[in-house]
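Structural description and commentary
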Amino acid sequence: MRAKLALVAAFTLLTAACGGGGGAQTTSDGTTKVTLGLIPIVDVAPVYLGIKKGFFAEQKLELTIQTAQGGAALIPGVVSQQYQFAFSNTASLLLAGSQGLPLKVVSAGNASTGVEDKDFGAVLVKKDSPIKSVKDLAGKRVGVNTLKNINTLTVSNSVREAGADPTKITFVELPFPQIPAAIEKGDIDAGQVVEPFLTIGKEQGLTPIGNPLNGLMVGLYFTSEQFAAQNPTAVTGFTTAMKKSLEYANGHPEEARAVLTDYLKLEPAVQQKLVLPKWPTEIDRPAVQRLLDMAKKDGLITKDPDLTKLIP
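The following paragraphs examine the structure supplied in this document. Just so it is clear, the model here is predicted, and its values are computed rather than measured. (Residues numbered from 1 in each chain as written. Predicted model: local features only at pLDDT ≥ 70, side-chain atom pairs only at ≥ 80, totals over all residues. Heavy atoms only, no water.)

Looking only at helices and strands, one finds 14 helices and 11 strands in the protein chain. Dimensions along the principal axes, computed over C-alpha positions, put the protein chain at roughly 65 × 45 × 35 Å. Carbon and sulfur atoms provide 51% of the accessible area of the protein chain, an area that totals close to 13,400 Å². Charge-centre separation for the protein chain: the mean point of 31 positive side chains lies 3 Å from the mean point of 29 negative side chains. (Helix = DSSP H or I, 4+ residues; strand = E, 2+ residues; numbered from the N terminus. Areas by Shrake-Rupley, 256 points an atom, 1.4 Å probe, with all protein chains shown as cover. Lys, Arg positive; Asp, Glu negative; His and termini not counted. Charge placed at Lys NZ, Arg CZ, Asp CG, Glu CD.)

Put into structure tokens, the structure is as follows:
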């Protein structure tokens, strides 16, 4: 209960800090300027590809991109309209919806490939670590980019399904880029990462031991209910452009891979080896429900969000 109250307070404080108002601006030629909040990870490559291909310009949208460490940090900015749209992991949005925050999902984001040892996320450990499977994470220090979120939920669920006690895990919050080095230094015993940090870690000699994100709808794009009500044309245009971007990225993986260097500093070997996620154009609702069930089992969510409002 204390953790839940802390999260609610964090959302409230962050929303206040963002200030009120904001919103889109429309130029004389009918172009709407909007700010999109993103996390600098492989998941969001279709956005950059869509901008290059002109899919957003076709919809009379001009995007300004701002980045954050995790999706939870972007949610209050959307509520206050500091950002008109943003990308977040599905767990953050379910939590926000359960607390009554006025959000509306407008597009699919990304999903696990569902292929063992060929996915865009995994838990990393040292090559000589005594941790050989997710079951061994009980009692260990595990790095995640955000506490009480999709990575803590999915790691805990994997440990529970393996027959161990996830409450014995000590989760340590670290930005994704810092997790591989923290494992090497021994500051943490393991870390849950996504690409490109999965491949970066493997290139540094770390070993993946499992993928807790397996089969899940990992990320979604969203706006605020207020912005959606006041700017229906912009929201429809964003949804249309995102669908084209996701479809194009799926159909042209090498172009999606190439666009990564537009926003990530990658060694050529990492860029070529990393695993791309799936970019579905439709939201996998059963996968969203599975994540909601995990959040309820962990006590992170005690009241179901109204999914008909959050993901119409």
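Next comes the rest of the account.
Counted by the stated rule, this structure contains 11 salt bridges. Its salt-bridge partner being Lys185, residue Asp187 comes within 3.6 Å of it at the nearest N-O pair. (Salt bridge = Lys/Arg side-chain N within 4 Å of Asp/Glu carboxyl O.)

Now for the packing of helix H5 (residues 90–98) against helix H13 (residues 285–297). A pair of packed helices is captured by two measures, namely the crossing angle of their axes and the spacing between those axes. Running from N to C, H5 and H13 point in directions that differ by 70 degrees, and their axes come no closer than 10 Å. Taken together, the axes of H5 and H13 are roughly perpendicular relative to one another. Judged by the sense of rotation from one axis to the other, the crossing of H5 with H13 is right-handed. Of H13, the residues touching H5 (which contributes Thr90, Ala91 and Leu94) are Val288, Leu291 and Leu292. (Axes fitted to C-alpha atoms, helices over the stretch in contact; angles between N-to-C directions. Parallel < 35°, antiparallel > 145°, perpendicular 65-115°, else oblique. Left-handed = near helix turned anticlockwise from the far one by under 90°. Contact = heavy atoms within 4.5 Å.)

Quick look at the packing of aromatic side chains now. Each aromatic ring pair is described using two quantities: the centre-to-centre distance and the angle formed by the ring planes. One pass over the structure, following the stated rule, counts eight aromatic pairs. An angle of 65 degrees between the planes, with centres 5.9 Å apart, marks the rings of Phe55 and Tyr248 as edge-to-face. Here Tyr248 lies in helix H10 (residues 232–251) and Phe55 lies in helix H3 (residues 55–58), a separation of 193 residues in the sequence. Accessibility expressed as a relative area gives 8% for Phe55, which makes it buried. On the basis of relative accessibility, which here comes to 17%, the residue Tyr248 falls in the buried class. Connected via pairs of aromatic rings, a cluster forms that spans Phe56, Phe85, Phe87, Tyr221, Phe227 and Phe238. (Phe/Tyr/Trp six-rings, centres within 6.5 Å; stacked < 30°, edge-to-face > 60°. Buried < 20%, exposed > 50% of the residue type's maximum accessible area, 1.4 Å probe, protein only.)

The subject of this paragraph is unusual backbone geometry. The amide bond that connects Glu195 to the next residue, Pro196, takes the cis arrangement and shows omega of 10 degrees. Tracing the chain through its elements places Pro196 in the loop between strand E9 (190–194) and helix H8 (197–203). At Gln81, a position not held by glycine, the phi torsion is positive, near 65 degrees. Within the secondary structure layout, Gln81 lies in the loop between helix H4 (71–79) and strand E4 (85–89). A relative accessible area of 6% places Gln81 in the buried class.

Mapped onto the elements of the fold, Thr239 is located in helix H10. Since its relative accessible area comes to 30%, Thr239 is described here as partly exposed.

This next bit is on the packing of helix H2 (residues 45–53) against H10. Packing of H2 against H10 leaves a shortest axis separation of 8 Å and a crossing angle of 105 degrees. The pairing of H2 with H10 is recorded here as roughly perpendicular in orientation. Residue-level contacts link Pro46, Val47, Leu49, Gly50 and Lys53 of H2 to Met242, Ser245, Leu246, Tyr248 and Ala249 of H10.

Turning to the side chain of Thr35, a few remarks are in order. Turning to its location among the elements, Thr35 is positioned in strand E2 (residues 32–38). Exposure remark for Thr35: the relative accessible area of 14% places this residue in the buried category. Non-local contacts of Thr35, meaning those with residues more than four positions away in its chain, are made with Thr64, Gln66, Gln82, Tyr83, Gln84 and Phe85.

Look at any regular strand and the pattern is simple: side chains alternate between the two faces of the sheet. Within E9, five of the five residues are buried, which leaves the element mostly enclosed by the surrounding structure. Every second residue of E9 is oriented toward a common face, with Ala190, Gln192 and Val194 on one face and Gly191 and Val193 on the other, all of them buried. Relative to E9, strand E6 (residues 121–125) runs antiparallel, the two sharing four bridges. Considered in E9, the bridge of Leu124 is made with Gly191. Where strand E7 (residues 141–144) and E9 come together, two bridges link them in parallel fashion. (Pairing = 2+ DSSP bridges.)

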